[in-house]
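The lines below spell out each chain.
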Amino acid sequence: MILVKDLTRIFEAGNQDVLAVDHVSFEVQPGEVYGLLGPNGAGKTTTLRMILGLLKPTSGDAEVEGFLVSSHPDEIKRRVGLVSTSAGLYQWLTPHEILSFFADVYGVHPLQAEERIEKLSRLFDITSFLDRRTATLSTGQKQRVNLARSLIHNPPVMLMDEPTRGLDVVGSKVIFDYIDLLREEGKAVIVCTHRLDEAEQLCDRFGLLYYGKKNYEGTLAELQQCTSCQTLTQIFLQLLDAPLEPAGILPTAQEELI
Amino acid sequence: MASPFDHDSDDRIFTPTKSFRFSGLLRKELREILRDRRTVITLILMPLLVYPLLGVMLQKFFLNQVTHLSEIEYRIVLPNESEGQLFRAMFSQGDELLSAKEKPELEVSGATTTGATPSAGTLAAFKQIKPVVKFMIADEGNHNQSIVSLVREGVVDVGVRYFPIDVTPKKSKEKHPSGRFQLIYGSESGHSRRAAEYVEKRLQAVRWNYRDRLLSQLGESETVPFLTSVSTVKSEMGQATSLVTIVPLILILMTMTGAVYPAIDLTAGERERGTLETLMAAPLPRMWILSAKFIAVLVVAIMTAMVNMTAMLATAYANGLETVLFGEGLTVFVLLEILLLLVIFAAFFSAVLLCITSFARSFKEAQAYLIPLMLISMAPGILGMVPDLKMTLIWAVIPLANIVLLSRDFLLHDAQPLLFFVSVFSTLFYGIVALSLAARIFGTDTILYESETSWSDFFKRSRKTHLAPALNNAMLCLAVMFPVFILSAAFVSRLRDMSISLRLLISGSLTFCLFLLIPLLFARLGGVKLKTGFRWYRPGIFSCLGAILLGFTLWPFAYEIEIFALSDERIESLSKLFESLKLELGAVPLWIKLVSLAVLPAVCEELFFRGYLLSALLNRFSNTWAILASSFLFALFHVIVRDSLFIERFFPSFFMGLCLGYVNILSGSVIPGIMLHMIHNGLLITIASYQDSLSQWEINLENQKHLPLVWLGGSLLMVVVGFFLIRISNRRQSAGSTDLP
Ligand SMILES: Nc1ncnc2c1ncn2[C@@H]1O[C@H](COP(=O)(O)OP(=O)(O)O)[C@@H](O)[C@H]1O
Ligand SMILES: [Mg+2]
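Values in this document were obtained by computation on a predicted structure and should not be read as measured data. (Residues numbered from 1 in each chain as written. Chains lettered and ligands numbered in written order. Predicted model: local features only at pLDDT ≥ 70, side-chain atom pairs only at ≥ 80, totals over all residues. Heavy atoms only, no water.)

Chemist: How would you explain the pattern of salt bridges if you had to name every residue and give the values?
Modeler: For the structure shown, the criterion picks out 34 salt bridges over all chains. Here A:Glu97 makes a salt bridge to B:Arg35, at a shortest N to O gap of 2.6 Å. Here B:Arg35 lies in helix H1 (residues 18-35) and A:Glu97 lies in helix H3 (residues 95-105), a pairing that spans two chains. Here B:Asp409 and B:Arg408 are joined by a salt bridge, their closest N and O atoms 3.0 Å apart. Where salt bridges share partners, they join B:Lys28, B:Glu29, B:Glu32, B:Asp265, B:Glu270, B:Arg273 and B:Lys293 into one cluster. (Salt bridge = Lys/Arg side-chain N within 4 Å of Asp/Glu carboxyl O. Helix = DSSP H or I, 4+ residues; strand = E, 2+ residues; numbered from the N terminus.)

Following this line, the structure appears as structure tokens:
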């Protein structure tokens, strides 16, 4: 479903190059929730942006349902939903207008769009303020509108960047339910987060990024087995302790899997 | 959670049309900007901001007028001495009658400086000034004619004619001498009109006084001492003093201020509020996004300008100033004219501002970019007020300056249609270029994620190689070429001192630079493969034969088309023009003529119009439309000869463009077209120089008759054979091998 092949991105910051993502490859199947984990600055967001075609990779490519992002960016965009904490809403529009705007630009049939807006607003409990200006909504309400927006075109692939950042317990619960829903719908999901405890509950499989390199990959059980640590947090701390030779000490999960 | 897609009617097959998705985009942009309180505030605040400025300017203008007025005189011309005496007697009688009535206490100086509102104050002052009236007698001869022409030329302000009438009243049997004064003034000159009004008022006073006296005597009488009638002539003077000249500056101010906020808000604002990423994640072409934003900005700019205009015109109207502004007063027609200009200005600024704000990553940055632009834009606005500045072809391609001069001339009803067309066309071009530039940069990762890679990306050579240039690459190339072409044409015409051979060689090398080097540069920038981008393929033998045949036989048709498009006077003036050219050209060696007028134009123009441009057009359009569009542009370039326009060259050039385009598509290569073009031009030059006739076919005008029918028939046959050969060659080639050599 999602195929990431050797994605690499170098940023030119001043006169020194930053290797933000370094030959990262992985695969996500339909109905699978893949956790892209790593500390701040590990290159998670950059990876997501390259998959969606918002950033041009320095090398490598990504594939969604057989379309390459380098050659068919619009086909990818049509098939991908994006949930990002930094995403804002058009403050002068109402949630209903925003939802039907995105339905329009994604080419959803108007009647179908109305149907979906109704269902999604019931699902995310936004019906009561569907016709209020979004500038007047609370953070939690805005978040739910954003979640509904990401599903308006029923994409087979969902990319989520730090979905729980800045949210309270209720807000996080909404995200958890949302991810469960995506799994049931058979969507291929990538969740980027540095919240390892949450990731443990949410994701089926993990990829651990560190300084742009993917060091481990596998299910929790596999990771526990190969690192002899119990939790993701421990695995990570171990990783941080040996930053100089991250790939050398232990075989990467990828090598085991393939 | 229950699935929201459970009963989703996904089986409903729906392929959304482009216009459907675009209208969704447009609806969002319009809603967003029109609901924004700041937009509404700008709409209402702008008048408050602009008016003090405008008020100051008006006041300045009127103070100017007033100081002039204190010295100014109304010059009145009369046909002869006796009528002059009669008129002067009547005039001074009226003057006394009026001044007796008027209140003498108002002082001029007090009124100008202490008026409640500037316009009211100056206007009051304006009315108080007592002009000096100077009477003149027209020369002997044809009085009527000379009076009219004196007014027209602005030598005098009012002409007076006298028509004696013999009235025989019913009651009394005696004959009563009377007459009619006809006042003539220049319709374009406010000064002249005011002079006529001034005179008419005094004459009217005399009439009314006379009638009052008769009435008071209770004597019923139908006699009046005289009648007056007023008529106008179109005057040549008056441009310099017309207040119309500040209208362009007002238009710039209004449309620009209207467009600034929405342009920033819809571009940099979108990023600042974090909605840009979601928008860029949607499958929308960036040109759509920019077009929707453009329309939204345009709507707001037009609305702002209209609110301003309404407020301004209402003020002017209330103060009776509208006749000062627009000679004839404010008619619906004038309003429509202003509206048209307003749309042109608004479109230009919307596109340019959007382009600049697209580079910005925040409101602050956008403002920093826009302030210099706003200051720079004021300068061309002042051009409209420079007296005696004539609109020329060069002005017509300078952005903003062209529409400023255009609107001045347009409002004075003095615009030349061709320059009007060139100005509007080039403005349209600049707008499209600005928008496509914006589309290239808006929402790119540089802008979206603030990386340091910055603008140099934009100018970097494309890494991928393309077989054909992208349409916007070719359009950008054309947009660079168009002004450069006009400038270089004007440049060549400046070189009068040089020998004609040298001039021809210079113009030939300019052709080379323009039509070949610029496209090559763009091809490099766009990463276009030269061979495919310029359609430089090896043609079939039959294609070449056909093209050569066509080169010899197409000219009679082009010639007939040109003759058809010309009026008799035009033919006469053109043949005079070419008569002088002919002598010059006769001395030039044939090879120079052939190189500069046949070989270079053929190679360069074909490589651009039927190579680079056509292959870009073929990306997007069908063969027919691509040929039509390239022929249109080809013809457009041929209308401009040196520093003037020869609109009649359009049709034959368009015809040749169609033939060359068709040959190009049929043969799949640019080379047969080059042969055709070269032979076509070369043939005419050779014939002309050996027949001691002129160098190019359009110069055959000197024997302005139609060509013999036998020639046309024979040529037609050959033309058909030529196209047939090229067709056959194409068939054989595609049957033989599919890949082009
Ligand atoms: N637009 C950019 N310009 C320059 N450097 C960037 C840019 N975006 C990200 N980076 C750098 O790339 C690295 C990875 O960033 P990011 O992908 O945002 O990490 P994460 O999402 O894992 O926190 C960081 O070192 C960051 O400084
Ligand atoms: Mg991040």
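From this point on, the discussion continues.
Chemist: Can you break down the sheet that holds strand S8 (residues 188-193) of chain A residue by residue, with the values?
Modeler: All names here are of chain A. The six strands are arranged S6-S7-S8-S3-S9-S10 in an open sheet whose pairing can be described as mixed. Of all strands in the sheet, those with a lone pairing partner are strand S6 (80-84) and strand S10 (213-218), marking the two edges. Each adjacent strand pair in this sheet contributes to an overall mean axis angle of 15°, direction not counted. Direction of pairing for S6 relative to strand S7 (residues 157-161): parallel, over a ladder of five bridges. The partner of Gly81 across the bridge, within S7, is Met158. Contacts from helix H5 (residues 139-150) reach S6 and S7, with the element oriented near 165° to S6. Its contacts with the sheet put helix H8 (residues 220-227) on strand S9 (205-210) and S10, and the angle it makes with S10 is roughly 110°. (Pairing = 2+ DSSP bridges. Axes fitted to C-alpha atoms, helices over the stretch in contact; angles between N-to-C directions. Contact = heavy atoms within 4.5 Å.)

Chemist: Before we move on, could you go through the site of ligand 1 and cite the residues and values that matter?
Modeler: The immediate surroundings of ligand 1 are formed by twelve residues, with A:Gly41, A:Lys44, A:Thr45, A:Thr46 and B:Tyr449 found nearest. Mapping the residues adjacent to ligand 1 onto the chains of the assembly identifies chains A and B. In the model, an oxygen atom of ligand 1 is placed 3.1 Å from a nitrogen or oxygen of the A:Ala42 main chain. One of the backbone nitrogen or oxygen atoms of A:Lys44 is found 2.9 Å away from an oxygen atom of ligand 1. In the complex, the protein chains occlude 73% of the 560 Å² of accessible area that ligand 1 would expose alone. (Near = heavy atom within 4 Å. Polar contact = N/O pair within 3.5 Å; in protein donor to acceptor, adjacent residues only side chain to side chain. Areas by Shrake-Rupley, 256 points an atom, 1.4 Å probe, with all protein chains shown as cover.)

Chemist: Tell me what's going on with the packing of H3(A) against H5(A), and back it up with residues and numbers.
Modeler: All names here are of chain A. Where H3 contacts H5, the axes come no closer than 9 Å and their chain directions differ by 20°. It follows from the interaxial angle that H3 and H5 lie roughly parallel. Where H3 crosses over H5, the two elements pack in a sense that is right-handed. On H5, the residues touching Pro95, Leu99 and Phe102 of H3 are Val145, Ala148 and Arg149. Looking at the contact of H3 with H5, its residues break down into five nonpolar, no polar and one charged. (Parallel < 35°, antiparallel > 145°, perpendicular 65-115°, else oblique. Left-handed = near helix turned anticlockwise from the far one by under 90°. Nonpolar A, V, L, I, M, F, W, Y, C, P; charged D, E, K, R; others polar.)

Chemist: Please set out the interface of chain A and chain B residue by residue, giving values where relevant.
Modeler: On the side of chain B, 43 residues touch chain A, which itself brings 52 residues to the contact. Counting each side, the surface lost to burial between chain A and chain B is near 4,400 Å², with a carbon and sulfur contribution of 58%. Considering only the side of chain A, the residues that lose the most area to chain B are A:Leu54, A:Tyr90 and A:Trp92, jointly responsible for 17% of the buried surface there. The interface formed by chain A and chain B holds four salt bridges in total. Residue B:Arg31 is joined to A:Glu97 by a salt bridge in which the shortest nitrogen-to-oxygen separation is 3.5 Å. One can count ten residue pairs in polar contact (both at pLDDT 80 or more) joining chain A with chain B. Elements with a contribution of two residues or more to the side of chain A that touches chain B: strand S1 (2-13), helix H1 (44-52), helix H2 (73-79), S6, H3, helix H4 (110-123) and helix H6 (169-184) of chain A. Examining the composition of the side of chain A that touches chain B, we find that eight residues originate from one element, H4(A), more than from any other. Of the residues that constitute the side of chain A that touches chain B, the class distribution is 23 nonpolar, eleven polar and 18 charged. (Buried area = accessible area lost by both parts, 1.4 Å probe.)

Just geometry here; none of it tells us what the structure is for.
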